[in-house]
Structures are given as structure tokens and as C-alpha cells.
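Chain by chain, the residues:
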Amino acid sequence: MTSAQAQQKILQLSKELETHNHNYYVLDNATISDFEFDKLLEELISLEKQFPELLSASSPSQRVGGQITKTFNTVKHQYAMLSLSNSYSVEDMIDFDRKVREGLGYQSDQLFNDQIEYVCELKFDGLSISLIYEDGKLVQAITRGDGVQGDEVTTNAKTIKSVPLKLHGNYPPKFEIRGEVFMPRPVFNAINKEREEIGEAVMANPRNAASGTMKMQDSAQVAKRKLDCFLYNVMGENLPFKTHYESIQAAKSWGFKISEEAKLCHGINEVLKFIMHWDKKRFDLSYDTDGIVIKVNDFKLQKNLGFTAKSPRWAIAYKFKAEQVSTELLTISYQVGRTGAITPVANLKPVPLGGTTVKRASLHNADIIEKLDVRIGDQVFVEKGGEIIPKIIGVDFSKRKPDAKKTKYIDHCPECGSKLERNEGEANHFCPNENECPPQVVGRIEHFVSRRAMNIDSLGGETIVQLHNAGLIKNVADLYDLKKELLLPLERMAEKSAQNLITGLEASKQVPFERVLYAIGIRHVGETTAKKIAKKVKSLDVLLNLTKEELLAIDEVGEIIALSLHEYFSNTQNKVIIERLKQAGLQFSLSEDQHQNGTDTLKDLTFVISGVFTQHNRDQYKEMIELNGGKNSGSISKKTSFVLAGDNMGPEKLKKAESLGIKLLTEDEFLKMIE
Ligand code: IVH
């Protein structure tokens, strides 16, 4: 294929992909199957690899992510990103309408009769973003920051499928559009479910999840988080619109995702109706909204009204009240988590709240119980904010029963009876009996069998509890002593499930060393750290004999991890468990394959990878560097030995490498180096 033919094909594929993308993510109307879409995308990516000079910054391939942003550049906003003043009641809203009309110089009879035209929009609960388009192409995306300057997050924003990379229709040559990036509830729930499964901390709410995601360095990870974005504010010089409503409808025609719920209202009464409607209906949406934004529609009137120091006088946010109810506190129970942390939980008389029935609420820790002075039998106020678990925010003291006893926090573990401890500066008490306290033991075994660890999916949470209660497993090594004959007498344990369990355990003996190291559950040793350690030490025996200094020399291992490793391996019980797992046949060293590929060729060399590659992808290069004894780093410094430079390397990096005299390697040169 000639370059000209490739160019034509790339253009055609890009256009096709963007149309399908827009249909699906903006118009909510799929026009192609996922499979066919992926095929077209693969074809485009492969052409762009063959003809890297034809790769455009607004190609649909950029949505897959892959580029790493080590530090986000700070960029000044062309127009400050102000916030809105808040209101919480009907009176506040009527007051706002009065101020608007007074501000426009209405006389008393006019004040009574003339209605202002407002646009009511949902207040999306995410993080605000400013997108800059030039000649119909997205050129920059900036977070709000402090309102004057924010972080440039263009690479990450490109992975949001509803953000158009290229516009269509009659758009202005240069303009800015602002909106809200958010994480849809179903996406948030799915991510949290997966996190729970693999024993990772769940995210508090979709807002935090969205803003955390936009700050991730690896745009491929951002792409996986499936963020979405509503736009609500078009800005620029000499734009041809007279009203806000007109401007957002135009933006819709250029390809932006504009909320269908935005409504033109005549006068404050229609605004109030809109507010009442959404106060109830908001729970039916697939994303979070924490209020309504009301904007004067006419741009001339907006201009007349102007701004205060912090916010426009022509707009206001009506904030929904976090729904609150009062109910009786029946009992307080204390949960013991996998790590031994104790969480007090309020058991409540069931009460409907925000679309679900609430039976339990978090009481956080001893200090909060003390501060609220909650007692069993109290009428308590429960609120459902952005968090998953509702919380108790106070006590109705007027209804306190005279005999209500002050709550005394437990001092012994409700599960195993050990005396609880509380570390200096930590909010939660914890049970120190990590090897015998049942929820801690079960939790550790659950982690051990989880998908990313030993992946024994024939052993679920309930069965683990059952086996533990039956006295068959007290630690992960006991799993490998299980026999079919021991399992069959258990309730609900059919021949087939017993066999599957044994087969699953047998198969897990092939799980590579790095995952075994993660599975045994050393505090602070997550998946990535376990991988790095395994690659470096190659076998557990080596790891056991490393000094603290040697541990610290491993990538990713700092003081805390080094200490945790040391504590884990000096515990006698752990030593016994490891020995038994070894006897059972688990992998405690890298396989022959993994060994053979490794060399010391790049020992003591530090690499920075930058740009787009054609022969292997970034992760593969990173792996090759590590396998050959080298180190990866995200930023260029005096310590950098080489920059592995692909196409389109960032100009800043290039400048820095040149100024420090660091050699740039092409892909070919690098591959030769490790041949
Ligand atoms: S208009 C001058 N419209 O709420 C401010 N903001 O405190 C113009 N927000 O930072 C903002 N939904 O992040 C506007 N439909 C909407 C909105 C919205 C959410 C956020 C935005 C802003 C904050 C205002």
C-alpha cells in the first residue's frame, strides 16, 4: 500500500469509527456491533503503525490510551473558571429571581409581571473540565484547578468516548467548551464490585472516582474506567449566539453530549417546578446529580448582571438536601475486617431513604460514637450523602429515653476475644490476633484464592467459611491438605463441587511465583510490587536472605514494604506456612522460561521510554528492560542512561534529554542492545 492510499484509508476508517462512536456514546444509539467496531479500530491502529507519519492527534486510536503523563502541566485558563453560589430553599430561589430583576433595573410593576427566561440544568456531580477546540479539533483539556489555572489532561480526556476529537457541522474556528466529567453509577458499581473481589479498597463515590481517574498517569487505565462527560457552557470571542440555550443546542449539533434534561423555563415558578420534579426523579438517573443549575438565558442580560468576585450574578446552584430520616438505633455491632480493623455498625429499625431501605449505618469509630453520644434506643438522624453506606449524623435528644445508657466501646475482639489495640494516631481499634481471629483468617484465605492471586475460582467465600467452621482450614497451607473424602461429608458439598475444588487447588500449583508472592498476603505488597520483587530476586530463597539495604534497592520497595517483608518472614508461623506451601508444590521461583529470558545486559542502566513505537508496545519494552536487569523511570534526569525514543516524542522531553546530553535510542538500536 502506498502512503497516499494509506492516508485515504486512515481518513475513511477514522470517520467511520467516530460516527459509530458518536452514535453510541452521545446519541445512545448503537449502529455497529462491538466486534465490528474493534475490527475497524484494529485495522486503523495497524495502518498507523505501518505509517507512523500519518498518525493524527485526533485519531480515534487515541481513545484507547497508552500514553503516560508523569506530571501534568499547569495551564492558565483563558477565562477564569468560577464557581456558583449555592441555595438550599424555595425562598433562596425566589430571592435570586428578585435580585436578577432588580439588577436589570426592573421597576415595581415590571417586577411583578415580567418573567425572566431561565435555563435549568442538572448539576452533574463530577469534576469540571474545559475543552479547547481549534479548527474543529480538540487541542487541549484542562481541569478547573484553582479556577485560574488547572492541569492539562488532554491525553486522558481523549479516552472519554463522548468527548468529540473532531467536530462536524458549523462550528466556530476557535472556542472553549466547559462541562463535567463523571463516572456513571453502573460503571462505578462494577469497578467497586471487582475491587471487593480482589480485596482492594472500594472507592467512596463516583465523584472521587472520576477526579481520581482524570489524574491517573496511564491513559490506558483511564480508558478502562469508562468516564463520561456532559458539556454545558460554550465560550469564545464573537460567538454568533444570543442565548445560552441556543449555544448548547448548537454545541449538540457539532457533536457534543448535551444533557437532554436542560429546560427553558419562563419565570421562577417554572424553575421551581423543575426543581421539585428532579428532587424526586434524580434517583432514576444513571449518574449522580447534587442539584440544579439555573442560568439567565439571554447573553445580553447575563452581561448586564455581571459577576461578583467569586461567581456570576446570572446563575445559581440549587443544592438538593441530602435525604435524611430519623429512626431507632436498635443495636451496635462491631465488624472485624480482613486486616483486623474494627468498624462499629449501627443496626437500625428499617426505614426507606433515597430509593432503598436502610437497615444499617456506619458509626466509623470510637471517637465518633463519643462525639455524637449515640445510645441504644435513641432516635437517630440518618443521611445518605455521596457515600455508599448511609451515616448517622446526630441524635434527637428530645426523644432520649431516661434510662438510655452511655455507649461503652468494646475492648475485646467480638470474634476471638483478644484484647483490642489502637495505634497512636489511628482512628480504628484493631484485633492483633491475625493468625487465629476467624474473619482475618477467612479474609486472608479469600485473598489467597482470588482471581489475581491463585485464581482458585472453585472455592468461593461461603465454602471458605464452611471449611473454616468445620475446622478443616486454619490457614492457606491447610488448603493443600484437603482431600475429597474430607469434603464430601460437608453440607451442600456434592461430588462434583468437591472434585472441582481439588482440581482447582491442583491447577493453582502452576501459578507463577510472582502471583504466589502476592497471594500470601504480605502487608503493603500489592500485585505490582510482588511482580517487581519476583523478577528481581527470582526465588523466595533469595528473598529470605536479603538484607534491608538489598530489599530497598528493589524498584518499588521503600522503608514500609521492606519492614513489612522483614516482619512477615521472621514470623515463625509464616515460616511454617511457607514451608508447607513449598512441600505442596507451589511455585516459589521463576519458571525456566522466565529465567532464560532474563539477562544482566542492562544492569545499572536507567531508561525513560517516550513516544509511539512500532515493533513492540510500551509495556513490552518496559518488561524487556526489567528482564535484562535495567530500570524504568518516568522522567528524565541526570540519572537517566538512555531515552528509548519512539515517534512523536514530547518536545519538552526532547529538550531535556538534549540539555543533559542523554543519548536517544531508536527501537532498533535498543533491540540490538539486548540481542
Ligand atoms: S455552569 C460560572 N452548569 O458546578 C460557573 N456548572 O459551583 C458556570 N456543575 O464548577 C458553571 N453541573 O463543576 C454549570 N449544568 C451545570 C453544572 C455545573 C455541574 C459544576 C461545575 C462548577 C460547579 C459550580
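Anything mentioned here points back to the structure above.
Here's what I pulled together on the structure shown here. Sequence order as written defines the numbering, with residues in each chain counted from 1. In keeping with the model being predicted, local features are shown solely for residues with a pLDDT of at least 70 and side-chain atom pairs are shown and tallied solely at 80 or more, while totals for entire chains, interfaces and linings include all residues. Hydrogen atoms and water are omitted, and side-chain values are computed over all heavy atoms in the structure.

Further remarks concern the sheet that holds strand 10 (residues 289–296). At least two bridges found by DSSP between two strands is the condition for calling them paired. Counting from the N terminus, the helices are DSSP H or I runs at least four residues long and the strands are E runs at least two residues long. Here we have five strands laid out as an open sheet, ordered 2-11-10-3-9, and mixed in their pairing. This sheet does not close on itself; its edge strands, each paired only once, are strand 2 (86–87) and strand 9 (263–266). Taken together, the seven bridges between strand 3 (residues 117–124) and strand 10 define a ladder with antiparallel strand orientation. What sits directly across from Leu122, in strand 10, is Ile292. Contact between two residues is taken to exist if any of their heavy atoms lie within 4.5 Å; hydrogens are not considered. The axes are straight lines fitted to the C-alpha atoms, using for helices just the contacting stretch, and the angles between their N-to-C directions are given from 0 to 180°. Relative to the sheet, helix 3 (residues 90–103) contacts strand 2, strand 3, strand 10 and strand 11 (315–319), its axis offset from that of strand 11 by approximately 175°. Across the sheet, helix 9 (residues 244–254) touches strand 3, strand 9 and strand 10, and the angle it forms with strand 3 is around 50°.

We now examine the site of the ligand. Lining the immediate surroundings of the ligand are 13 residues, of which Glu121, Leu122, Phe124, Glu180 and Tyr232 lie closest. One of the side-chain N or O atoms of Glu121 is found 2.9 Å from a nitrogen atom in the ligand. Between Leu122 and the ligand, the recorded distance is 3.1 Å, taken from a backbone N or O atom to a nitrogen atom. Per-residue accessibility takes into account occlusion by the displayed protein chains alone, with areas from the Shrake-Rupley method and a 1.4 Å probe. Protein chains bury 89% of the 520 Å² of accessible surface belonging to the ligand in isolation. We define proximity as follows: a residue is near a molecule or strand when any one of its heavy atoms falls within 4 Å of that partner. Identification of polar contacts relies on pairs of N or O atoms within 3.5 Å, with a donor-acceptor requirement for protein atoms, meaning one able to donate a hydrogen and the other able to accept it, and with residues adjacent in sequence counted only if both atoms are side-chain atoms.

Attention now goes to the pattern of salt bridges. By convention in these notes, a salt bridge is any Lys or Arg side-chain nitrogen within 4 Å of a carboxyl oxygen on Asp or Glu. The tally for this structure, following the rule as stated, stands at 37 salt bridges. Between Asp95 and Arg98 there is a salt bridge, with its nearest N and O atoms 2.6 Å apart. In this pair, Asp95 and Arg98 are both assigned in helix 3, three residues apart and thus about one turn of the helix distant. Judged by its relative accessible area of 30%, Asp95 falls in the partly exposed class. Of the charged contacts in the structure, one is a salt bridge between Asp478 and Arg580, with a shortest N-O distance of 2.8 Å. Residue exposure (1.4 Å probe, protein chains only): buried if accessible area is under 20% of the type maximum, exposed if over 50%, otherwise partly exposed.

When you line up the elements, Thr69 lands in the loop between helix 2 (34–50) and strand 1 (74–76). Excluding anything up to four places from it in sequence, Thr69 contacts Thr155 and Gln217.

Its place among the elements puts Ile578 in helix 22 (residues 572–584). Given a relative accessible area of 6%, Ile578 falls into the buried group. For the pair formed by Ile578 and Arg63, sequence separation is 515 residues and the distance between their alpha carbons is 44 Å. Discounting chain neighbours no more than four positions away, the residues touching Ile578 are Ile520, Leu540, Tyr568, Phe569 and Phe588.

Read from one edge of the open sheet, four strands run 18-17-19-20, paired in parallel fashion. Edge positions in the sheet fall to strand 18 (631–633) and strand 20 (663–665), since each of these pairs with one other strand and no more. When strand polarity is set aside, the average angle formed by the axes of neighbouring strands in this sheet is 35°. Examined bridge by bridge, strand 17 (residues 606–610) and strand 18 share three bridges and lie parallel to one another. Its bridge partner lying in strand 18, Val608 is registered against Ser633. Sitting on the sheet, helix 24 (residues 618–627) touches strand 17, strand 18 and strand 19 (642–645), and the angle it makes with strand 17 is about 175°. Along the sheet, helix 25 (residues 651–660) contacts strand 17, strand 19 and strand 20; its crossing angle with strand 17, the most-contacted strand, is approximately 150°.

This brings us to the nonpolar core. In these notes, a set of buried Ala, Val, Leu, Ile, Met, Phe, Trp, Tyr and Cys residues joined through side-chain atoms within 4.5 Å is what counts as a nonpolar core. Counting residues in each nonpolar core, the largest one holds 52 residues, and the members touching the most others are Phe448, Met454, Leu479, Tyr480, Leu517 and Leu581. Secondary-structure elements contributing two or more residues to this core are helix 13 (438–449), helix 14 (461–469), helix 16 (495–507), helix 17 (513–519), helix 18 (527–537), helix 19 (540–544), helix 21 (559–570) and helix 22. If near-sequence neighbours (up to four positions away) are discounted, Leu581 is found in contact with Phe448, Val476, Ala477, Tyr480, Ile520, Leu586 and Phe588. By size, the runner-up hydrophobic cluster in this structure holds 37 residues, among which are Leu167, Met203, Ala250 and Trp254.

This part covers a positive patch on the surface. The patches described consist of residues with a relative accessible area above 30% and no salt bridge, like charges being joined within 9 Å and nonpolar side chains (Val, Leu, Ile, Met, Phe, Trp, Tyr) within 5 Å. Residues scored as charged are limited to Lys and Arg (positive) and Asp and Glu (negative), so that His and the chain ends carry no count. The atoms used to mark charge sites are NZ of Lys, CZ of Arg, CG of Asp and CD of Glu. Taken together, the side chains of Lys536, Lys603, Lys631, Lys638 and Lys639 present a region of like positive charge at the surface. Residue placement: Lys631 occurs in strand 18. By relative accessible area, Lys631 is classed as partly exposed at 40%.

This part is about the packing of helix 21 against helix 22. Between helix 21 and helix 22, the least distance of the axes is 5 Å, while the angle of their chain directions is 75°. As summarised for this structure, helix 21 and helix 22 are arranged roughly perpendicular, according to the angle between their axes. Judged by residue contacts, Tyr568, Phe569 and Ser570 of helix 21 engage Thr572, Asn574, Lys575 and Ile578 from helix 22. Considering only residue class, the contact of helix 21 with helix 22 consists of three nonpolar, three polar and one charged. Angles are sorted into four bins: roughly parallel if under 35 degrees, roughly antiparallel if over 145, roughly perpendicular if 65 to 115, and oblique for all others. We call Asp, Glu, Lys and Arg charged. Ala, Val, Leu, Ile, Met, Phe, Trp, Tyr, Cys and Pro are nonpolar, and the rest, Gly among them, are polar.

An α-helical turn contains 3.6 residues, so any two residues separated by three or four positions project in the same direction. Along helix 24, the residues that are buried comprise Arg618, Tyr621, Met624 and Ile625. Here the buried residues of helix 24 occupy an arc of 120° about the axis, which is enough to place them on one side. The inward-facing, buried residues of helix 24 contact strand 17, strand 18, strand 19 and helix 26 (667–673). At the C-terminal side of helix 24, Gly629 shows a positive phi close to 90°. It is the directions from the helix axis to the C-beta atoms whose arc is reported.

This next bit is on the pairing of strand 7 (residues 174–182). The element strand 7 is largely enclosed, with a buried count of eight among its nine residues. Across eight bridges, strand 4 (residues 127–134) lies against strand 7 in antiparallel orientation. If you follow Leu127 over to strand 7, its bridge partner there is Val181. As defined by bridge partners, strand 7 adjoins strand 8 (residues 228–235) across seven bridges and the pair is classed as antiparallel.

We now examine the side chain of Asp373. Within the element layout of this structure, Asp373 appears in the loop between helix 12 (366–372) and strand 15 (379–383). With relative accessibility at 18%, the residue Asp373 sits in the buried group. Contacts of Asp373, omitting those with residues within four sequence positions, involve Asp378, Val395, Phe397, Arg400 and Lys406.

The subject of this paragraph is the packing of aromatic side chains. Pairing of aromatic rings covers Phe, Tyr and the six-membered ring of Trp, with a centre-to-centre limit of 6.5 Å; geometry is then stacked below 30 degrees between planes, edge-to-face above 60, and tilted otherwise. This structure, assessed with the given rule, holds 23 aromatic pairs. Between the aromatic rings of Phe124 and Tyr232, the centroid separation amounts to 6.4 Å while the plane-to-plane angle is 15°, which identifies the pairing as stacked. Taken as a pair, Phe124 in strand 3 and Tyr232 in strand 8 lie far apart in primary sequence, 108 residues in all. The pair formed by Phe124 and Tyr232 is uniform in burial state, with each residue classed as buried.

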